[in-house]
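Analysis of the macromolecular model
If you want the building blocks of each chain, they are given just below.
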Amino acid sequence: MPRPSVREVIVETALAEFHRSGYSACSVDAITRAAGVPKGSFYNHFRSKEELGVEVIGRYAANPEWSRDADPAAAPLQRLRARFGIMRDVMVGNEFTRGCLIGNMGSEQADHSAAIRAEVDTDLSAWSGAIAELVREAQAGGTAPAGLDPDRVARFVLNAWQGTVLRTKVVRSGQAFDDFFATVFDDLLAAD
């Protein structure tokens, strides 16, 4: 079995470290130590920690837990609810810590790194686009209100989710999740 590349080890280690401790709290030295690679190896693959940060966000977004359908044959809003349920369950399993790496990196670095801000924006836009598609499917099937603008609703739902994750990290309870699911699925997206 071939050994994973040093670059891959650095990216995967940085993803775990950024998610656990935050971007600012992780130095290149700490990442390479945790990865078990020489610090010089880092600079063979990345010009800067910022470049690594962009790569990490893209990697995290490319393999999101939220997009996995437990039952692809389920109705669109059931699939959407299940996707958010998966993320809720992960966060509960982490004792209400870590949250969403995309949201974490955005809130931590948006004022400091144009490159990271741009990657976060790209990934949030793709995520809300996927939500909008499920809302459109639900509207076409008559299970979501026809008068809603799917793109605006999707952005709102994602914004509400990111706020829910933040609140949950602060209060260390599932109440914000309960509020999110009830408001989004029982009120906002409930069929007329």
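Quantities reported herein were computed from a predicted structural model and do not represent experimental measurements. (Residues numbered from 1 in each chain as written. Predicted model: local features only at pLDDT ≥ 70, side-chain atom pairs only at ≥ 80, totals over all residues. Heavy atoms only, no water.)

Remarks on the overall build of the chain
- When its secondary structure is counted, the chain shows 9 helices and 0 strands.
- Reading the secondary structure of the chain in the N-to-C direction produces α-α-α-α-α-α-α-α-α.
- Expressed along its principal axes, the backbone C-alpha trace of the chain runs to roughly 60 × 35 × 35 Å.
- Within the span of the chain, comprising 192 residues, buried residues form 41% of the whole.
- Long-range pairs, those at least 24 residues apart, make up 69% of the contacts in the chain between residues at least 6 apart in sequence. (Helix = DSSP H or I, 4+ residues; strand = E, 2+ residues; numbered from the N terminus. Buried < 20%, exposed > 50% of the residue type's maximum accessible area, 1.4 Å probe, protein only. Contact = heavy atoms within 4.5 Å.)

Concerning the side chain of Thr168
- Checked against the element boundaries, Thr168 lands in helix H8 (residues 150-171).
- Relative accessible area serves as the criterion here: at 0%, Thr168 is assigned to the buried category.
- For Thr168, the contacting residues outside a window of four places in its chain are Met91, Phe96, Ser173, Ala176 and Phe177.

Topic: helix H7 (residues 114-140)
- For H7, built from 27 residues, the straight-helix expectation of 39 Å at 1.5 Å per residue is met to within 8% by its first-to-last C-alpha distance of 38 Å.
- Along H7, the residues that are buried comprise Ile116, Glu119, Val120, Asp123, Trp127, Ser128, Ile131, Ala132, Leu134, Val135, Ala138 and Gln139.
- Residues of H7 that are buried in the fold lie against helix H4 (49-62), helix H5 (76-93), helix H6 (101-109) and H8.
- Just downstream of H7, Gly142 is the residue with a positive phi angle, here 80°. (Expected span 1.5 Å × (residues − 1).)

Here we look at the environment of Met87
- For Met87, the location among the structural elements is in helix H5.
- Residue Met87 is classed as buried on the basis of its relative accessible area, which comes to 14%.
- Counting along the chain gives 12 residues from Met87 to Gly99, while the straight-line C-alpha distance between them is 8.7 Å.

Looking at the state of the cysteines
- Here the structure, examined in full by the defined rule, presents 0 disulfides.
- Cysteine Cys26 is unpaired, with the sulfur of Cys100 as its nearest cysteine sulfur at 16 Å.
- Among the residues examined, Cys100 registers a relative accessible area of 6% and is labelled buried. (Disulfide = S-S within 2.5 Å.)

Re the pattern of salt bridges
- On inspection of all chains with the given rule, the structure shows 13 salt bridges.
- Glu55 is the salt-bridge partner of Arg59, the closest N and O atoms lying 3.3 Å from each other. Of the two residues, Arg59 and Glu55 are both situated in helix H4; the distance of 4 residues between them amounts to about one turn of the helix.
- We note a salt bridge from Arg152 to Asp149, for which the minimum N-O separation is 3.8 Å.
- Owing to a relative accessible area of 55%, Arg152 belongs among the exposed residues under this scheme.
- Under the relative-accessibility criterion, Asp149 is labelled partly exposed at 32%.
- Several salt bridges converge on common partners, so that one network encompasses Arg7, Glu8, Glu12, Glu55 and Arg59. (Salt bridge = Lys/Arg side-chain N within 4 Å of Asp/Glu carboxyl O.)

Thoughts on the packing of H4 against H7
- Following both chains from N to C, one finds H4 and H7 inclined at 10°, their axes separated by 9 Å at the closest point. Classified by the angle between their axes, H4 and H7 sit roughly parallel to one another. Residues Glu50, Val54, Ile57, Gly58 and Ala61 of H4 pack against Ala114, Ala115, Ile116, Glu119, Val120 and Asp123 of H7.
- Residues of the contact of H4 with H7, tallied by class, amount to 7 nonpolar, 1 polar and 3 charged. (Axes fitted to C-alpha atoms, helices over the stretch in contact; angles between N-to-C directions. Parallel < 35°, antiparallel > 145°, perpendicular 65-115°, else oblique. Nonpolar A, V, L, I, M, F, W, Y, C, P; charged D, E, K, R; others polar.)

A few points about the environment of Gly53
- Tracing the backbone shows Gly53 in helix H4.
- Classification of Gly53 as buried rests on a relative accessible area of 0%.
- Residues Gly53 and Tyr23, spaced 30 residues apart in sequence, show a C-alpha to C-alpha distance of 7.6 Å.
- Not counting residues up to four positions away in its chain, the partners in contact with Gly53 are Phe18, Tyr23 and Met105.

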